[in-house]
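# Remarks on the overall topology
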Amino acid sequence: LATLQSFPGLLTRCLLCPQAKYLAQIIVMGVQVVGRAFARALRQEFAASRAAADARGRAGHQSAAASNLSGLSLQEAQQILNVSKLSPEEVQKNYEHLFKVNDKSVGGSFYLQSKVVRAKERLDEELRIQAQEDREKGRTPKT
């Protein structure tokens, strides 16, 4: 008893030891839960990335290369020119309309006009790729 009275903080520290132990256990459990959730999310992201890469591989290497060159995906180009299916006539018609509407001389935007040009280039490249694939397979081109 004389020893405990000479060190008053020792008694307090000994009484808090179980709470500190429980607090440490709670923190460790929380870190484990977060770590498992992070690992699961990472595995899901890798699986999704692998699936997307496989889908791009099926779409063809030429199409992916065209997307990289133009800076636009096929889907983006179709949205810009408001084209649902790839038909040269529809692409040309929508291109001409959007190019004229966005002409700087009539108050349009040069930026939007350049996006329209890039979208047309991307769709023309896709049409060329499809025609080449059709020739290689001995089929007639899609319209």
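With an unreviewed UniProt entry as reference, the chain is termed Mitochondria-associated granulocyte macrophage CSF-signaling molecule, source organism Microcebus murinus. Its UniProt record gives the chain the following Subcellular location (unreviewed entry) comment, quoted word for word: "Mitochondrion inner membrane". Among the UniProt annotations of the chain, the heading Sequence similarities (unreviewed entry) holds the following wording: "Belongs to the TIM16/PAM16 family."

Nonpolar side chains in soluble globular proteins tend to end up buried together. Leu72, Ala77, Leu81, Val83, Leu86, Val91, Tyr95, Val116, Ala119, Leu123 and Leu127 form the largest nonpolar core, which has 11 residues in total. For this core, the secondary-structure elements that each account for two or more residues are α5 (88–101) and α6 (110–137). Sorting elements by how many residues they give to this core places α6 first, with four residues. Setting aside residues up to four positions removed in sequence, Ala119 forms contacts with Leu72, Ala77, Ile80 and Leu81.

The next point concerns α6. Within an α-helix, residues lying three or four positions from one another point in the same direction, as the helix has 3.6 residues per turn. In a regular helix each residue adds 1.5 Å, so 28 residues correspond to 40 Å; α6 covers 41 Å between its end C-alpha atoms and thus fits that length. The N-cap residue of α6 is Ser109: its side-chain oxygen and the backbone nitrogen of Tyr111 are 3.3 Å apart. Remark: Gly138 follows α6 within two positions and exhibits a positive phi of approximately 80 degrees.

Okay, the pattern of salt bridges next. Throughout the structure, instances matching the rule amount to four salt bridges. Across the salt bridge formed by Lys120 and Asp124, the nearest N and O atoms sit 2.6 Å from each other. Taken as a pair, Lys120 and Asp124 lie in helix α6 at a separation of four residues, close to a single helical turn. The exposure class of Lys120 is buried, given its relative accessible area of 12%. Arg128 is paired through a salt bridge with Glu125; the nearest N and O atoms lie 2.5 Å apart. Pair noted here: Arg128 and Glu125 are both in helix α6, with a separation of three residues, about one helical turn.

What follows deals with the packing of aromatic side chains. Going through the model one piece at a time under the given rule, you end up with one aromatic pair. Aromatic pair Tyr95 and Phe99: ring centres 5.6 Å apart, planes at 35 degrees, arrangement tilted. On the criterion of helical spacing, the pair formed by Tyr95 and Phe99 is a turn pair, its members being four residues apart in helix α5. The buried category is assigned to Tyr95, whose relative accessible area is 18%. With relative accessibility at 31%, the residue Phe99 sits in the partly exposed group. Over the aromatic face of Tyr95 sits the side chain of Lys120, whose NZ or CZ is 5.4 Å from the ring centroid.

Let's shift gears to a nonpolar patch on the surface. Together, Leu23, Ile27 and Val31 line one region of the surface with nonpolar side chains, adding up to about 300 Å² of accessible area. Its place among the elements puts Leu23 in helix α2 (residues 8–59).

Moving on, we get to the packing of α5 against α6. Each packed pair of helices is defined by two parameters, the angle between the axes and the distance between the axes. Here α5 crosses α6 at 170 degrees, and the two axes come no closer than 10 Å. It follows from the interaxial angle that α5 and α6 lie roughly antiparallel. Touching Pro88, Val91, Gln92, Tyr95, Leu98 and Phe99 of α5 are Gln113, Val116, Val117, Lys120, Leu123, Asp124 and Leu127, all from α6. The class makeup of the residues in the contact of α5 with α6 is nine nonpolar, two polar and two charged.

The rules we used
Residues numbered from 1 in each chain as written. Predicted model: local features only at pLDDT ≥ 70, side-chain atom pairs only at ≥ 80, totals over all residues. Heavy atoms only, no water. UniProt positions renumbered as here; feature names shortened; annotations may be inferred. Core = buried A, V, L, I, M, F, W, Y, C linked by side-chain atoms within 4.5 Å. Buried < 20%, exposed > 50% of the residue type's maximum accessible area, 1.4 Å probe, protein only. Helix = DSSP H or I, 4+ residues; strand = E, 2+ residues; numbered from the N terminus. Contact = heavy atoms within 4.5 Å. Expected span 1.5 Å × (residues − 1). Polar contact = N/O pair within 3.5 Å; in protein donor to acceptor, adjacent residues only side chain to side chain. Salt bridge = Lys/Arg side-chain N within 4 Å of Asp/Glu carboxyl O. Phe/Tyr/Trp six-rings, centres within 6.5 Å; stacked < 30°, edge-to-face > 60°. Lys NZ or Arg CZ within 6 Å of the ring centre and 35° of its normal. Patch = residues over 30% accessible without salt bridge, like charges linked within 9 Å, V, L, I, M, F, W, Y side chains within 5 Å. Areas by Shrake-Rupley, 256 points an atom, 1.4 Å probe, with all protein chains shown as cover. Axes fitted to C-alpha atoms, helices over the stretch in contact; angles between N-to-C directions. Parallel < 35°, antiparallel > 145°, perpendicular 65-115°, else oblique. Nonpolar A, V, L, I, M, F, W, Y, C, P; charged D, E, K, R; others polar.

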